[in-house]
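Summary of structural features
Listed here are the chains, written in short residue letters.
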Amino acid sequence: MKISFKNISTVFFITGSVMTFAQTEQDNQKEKIVKPSTDKNTTNIFLAGDSTLTDYTLESNYQEKRYPQQGWGGVFQEFFVTDSLKTFKSPLAKNVLVVDKAKGGRSTRTFFQEGRWRYIFENLRPKDWVLIQFGHNDESEKKVDRYVDVAGYKEYLRLYIHQVREKGATPILVTPVSRNYPWKDGVLGDSHVDYAKAMIEVGQEQKVDIIDLNKLSREFFTQKGKDFVTTTYFMNLPEGKFTAYPNGQKDDTHFQPEGAKAVAQLVYNEFKKIVSKK
């Protein structure tokens, strides 16, 4: 039976958030909190998503436990300096604050149930923006604690869109950034076929702007080449170089700082186009 996002809103938004409030508080104690601005001269851009856009520098002991892992959301603020904001033909305020609530391992469902979405919803103001990127964990069928089927994924996206608009803010859907596989004949293939398609369908249905980061990142990584992307952008690390990874690392999902910056640039370019049309 198909679940209406209205039912999700009334049932889970209250009970789910309350039941997991303690867990959210525990998470918050482990990470620095970027408080949204209440200044009328500042536009907040909230980020909702998973590890690929998490700001790992907000976690305690980042250098010892995580470095060099970084998500694109962790460097997104760097693109909104005074000089760049002057080039926007848009309703953005004089200043922009990026509030990154993304967290590793979260799907559309667990992000909601743990109260991370509640934090965004309660702090949203008219004219704020919310960038929503999920898919990596929703599609993990073997990890039942985070898995969400395509129908459920669509429902949670609809819920997020509805609640952002309810607060007078603007949602943007961002399809999941590409993994570093599968490669064939020098071209990076699509590892998010069903979920990227599902998000695009919801965006079209709800008349929401979409940044097709899945497509953009695959094309960009293909241009850079597999060898460069593997060693420079993704978390494929040699032994003995980083304190957090003494035995090295083979990871074709998460980013090093250079990869995070490259992806953030792709998102920023598209965001600027969208905002400038408003």
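Residues numbered from 1 in each chain as written. Predicted model: local features only at pLDDT ≥ 70, side-chain atom pairs only at ≥ 80, totals over all residues. Heavy atoms only, no water.

Going by what an unreviewed UniProt entry lists, the protein is known as Lysophospholipase L1 and is assigned to Epilithonimonas zeae. Recorded in UniProt for the protein, the comment headed Sequence similarities (unreviewed entry) runs: "Belongs to the 'GDSL' lipolytic enzyme family." (UniProt positions renumbered as here; feature names shortened; annotations may be inferred.)

**Points about the sheet that holds strand 1 (residues 42-49)**
Taken together, the 5 strands give an open sheet; going across it, the order is 2-1-3-4-7, and neighbouring strands pair in parallel fashion. In this open sheet, the two strands that pair with only one neighbour each are strand 2 (95-100) and strand 7 (209-211). In this sheet, neighbouring strand axes are inclined to one another by 25° on average, regardless of whether the strands run parallel or antiparallel. Relative to strand 7, strand 4 (residues 170-174) runs parallel, the two sharing 3 bridges. Looking across to strand 7, one finds that V174 is bridged to I211. With respect to the sheet, helix 6 (residues 116-123) is in contact with strand 1 and strand 3 (129-133), its orientation differing from that of strand 1 by roughly 160°. Here helix 11 (residues 257-276) sits on the sheet in contact with strand 1, strand 3, strand 4 and strand 7, set at roughly 160° to strand 7. (Pairing = 2+ DSSP bridges. Helix = DSSP H or I, 4+ residues; strand = E, 2+ residues; numbered from the N terminus. Axes fitted to C-alpha atoms, helices over the stretch in contact; angles between N-to-C directions. Contact = heavy atoms within 4.5 Å.)

**Overview of the packing of helix 9 (residues 213-224) against helix 10 (residues 226-233)**
With their axes 6 Å apart at the nearest point, helix 9 and helix 10 run at an angle of 105° to one another. On the basis of their axis angle, the class for helix 9 and helix 10 is roughly perpendicular. In contact with F220, F221 and K224 of helix 9, helix 10 contributes F228, V229 and Y233. (Parallel < 35°, antiparallel > 145°, perpendicular 65-115°, else oblique.)

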